[in-house]
Amino acid sequence: MTKSEWQEKFLEAVADCCDEGREAADYIRARKINVGIRRARKSVGAFWTLFRSAHLNARHHTRESSLANPHAWTLLIHEVRHLQQGYLTAFSIYGELDAWQYQFQVFKKITQRPLSPLAEEILSLPLNMDRSNLQKARRLMTRHAGIWYGANFLPLYPIHKELKYWFTRKH
C-alpha cells in the first residue's frame, strides 16, 4: 500500500469512528495536511509540525496497525486539535491539557472502555488559566507519558500570555 493510499484509508477510519474523527479528517483534507508515520521519542505517541503535517510515532504504530486502532485514531484527533489551536496555544500546557482531554473524551466515547486512573484525573481537571491547575496538569502528563515527554519545557500559558503574566502577574 502506498503512503497516499494508507493516508486515505487511515482518514476514512478516523472519520468513521465518530463525529470528532470526521471533523478532524475534514480539517486535514481541507488544509491538505500531510499525515504519516515517523519515528520519535518513545514517550511521544504522535506529533505535528509547523509544516502542515501530523505523524504517528513509528515506535508504536505501523500503517497496518493504525487502520484498526482507536488509540491511533484519537492520537491523530489530538494532533489536529493542536493544529486548530495554532502554535502559540499548542506549545503550552494549556494547549496540551485541551488536546489530552479532547483525546481522552473521544477515546472513551468510541471504545466505551474506562481510562486509567491517571488519565481520568487529567480528564477531570478544569480547562482554565489557573496556574496551579496547569502545574498539576503538567505533573500528571509527565507521570502519564514520562519525563521525556517534554511537558517541563512548555510554558503554562500560550507564550504571549505567559510573557504578559511574567510582566504583570496577571493572566
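Everything numeric here is computed off the predicted structure, so don't read it as measured data.

1. Regarding unusual backbone geometry
Phase 1: Backbone geometry places Lys32, a non-glycine residue, at a positive phi of 55°.
Phase 2: On the accessibility criterion, Lys32 (64% relative accessible area) is exposed.
Phase 3: Despite not being glycine, Gln112 has its phi angle at roughly 55°, a positive value.
Phase 4: Tracing the backbone through its elements, the reader meets Gln112 in the loop between α6 (93-111) and α7 (117-124).
Phase 5: Take Gln112: its relative accessible area is 66%, and that puts it in the exposed class.

2. Observations concerning helix α2 (residues 19-30)
Phase 1: End to end, α2 covers 16 Å across twelve residues, agreeing with the expected 16 Å (1.5 Å per residue, within 8%).
Phase 2: All of the buried residues in α2 are Glu20, Gly21, Ala24, Ala25, Tyr27 and Ile28. In an axial view of α2, the angular spread of the buried residues amounts to 155°, which keeps them on one side of the axis.
Phase 3: Next to the buried residues of α2 lie α1 (3-17), β1 (34-38), α4 (70-85) and α6.
Phase 4: Phi for Lys32, located one or two positions after α2, is positive at around 55°.

3. Things to note about a nonpolar patch on the surface
Phase 1: A cluster of nonpolar residues, Leu50, Phe51, Tyr87, Leu88, Phe91, Ile159, Leu163 and Phe167, forms a patch on the protein surface that exposes about 930 Å² of accessible area.
Phase 2: A total of three residues in the nonpolar patch trace back to one element, the largest contributor, which is helix α9 (residues 159-168).
Phase 3: If you trace the backbone, Leu163 turns up in helix α9.

4. Observations concerning the sheet that holds strand β2 (residues 46-49)
Strand pairing in a sheet takes place through backbone hydrogen bonds and is either antiparallel or parallel in direction.
Phase 1: The mixed open sheet is built from three strands, whose spatial order is β1-β3-β2. The open sheet has two free edges, formed respectively by β1 and β2, since each of these has just one partner strand. Across this sheet, the average inter-strand angle for adjacent strands is 25°, counted without regard to direction.
Phase 2: Relative to strand β3 (residues 53-57), β1 is paired through five bridges, and the arrangement is parallel.

So, how was this worked out
- Residues numbered from 1 in each chain as written.
- Predicted model: local features only at pLDDT ≥ 70, side-chain atom pairs only at ≥ 80, totals over all residues.
- Heavy atoms only, no water.
- Buried < 20%, exposed > 50% of the residue type's maximum accessible area, 1.4 Å probe, protein only.
- Helix = DSSP H or I, 4+ residues; strand = E, 2+ residues; numbered from the N terminus.
- Expected span 1.5 Å × (residues − 1).
- Arc of directions from axis to C-beta.
- Contact = heavy atoms within 4.5 Å.
- Patch = residues over 30% accessible without salt bridge, like charges linked within 9 Å, V, L, I, M, F, W, Y side chains within 5 Å.
- Areas by Shrake-Rupley, 256 points an atom, 1.4 Å probe, with all protein chains shown as cover.
- Salt bridge = Lys/Arg side-chain N within 4 Å of Asp/Glu carboxyl O.
- Pairing = 2+ DSSP bridges.
- Axes fitted to C-alpha atoms, helices over the stretch in contact; angles between N-to-C directions.

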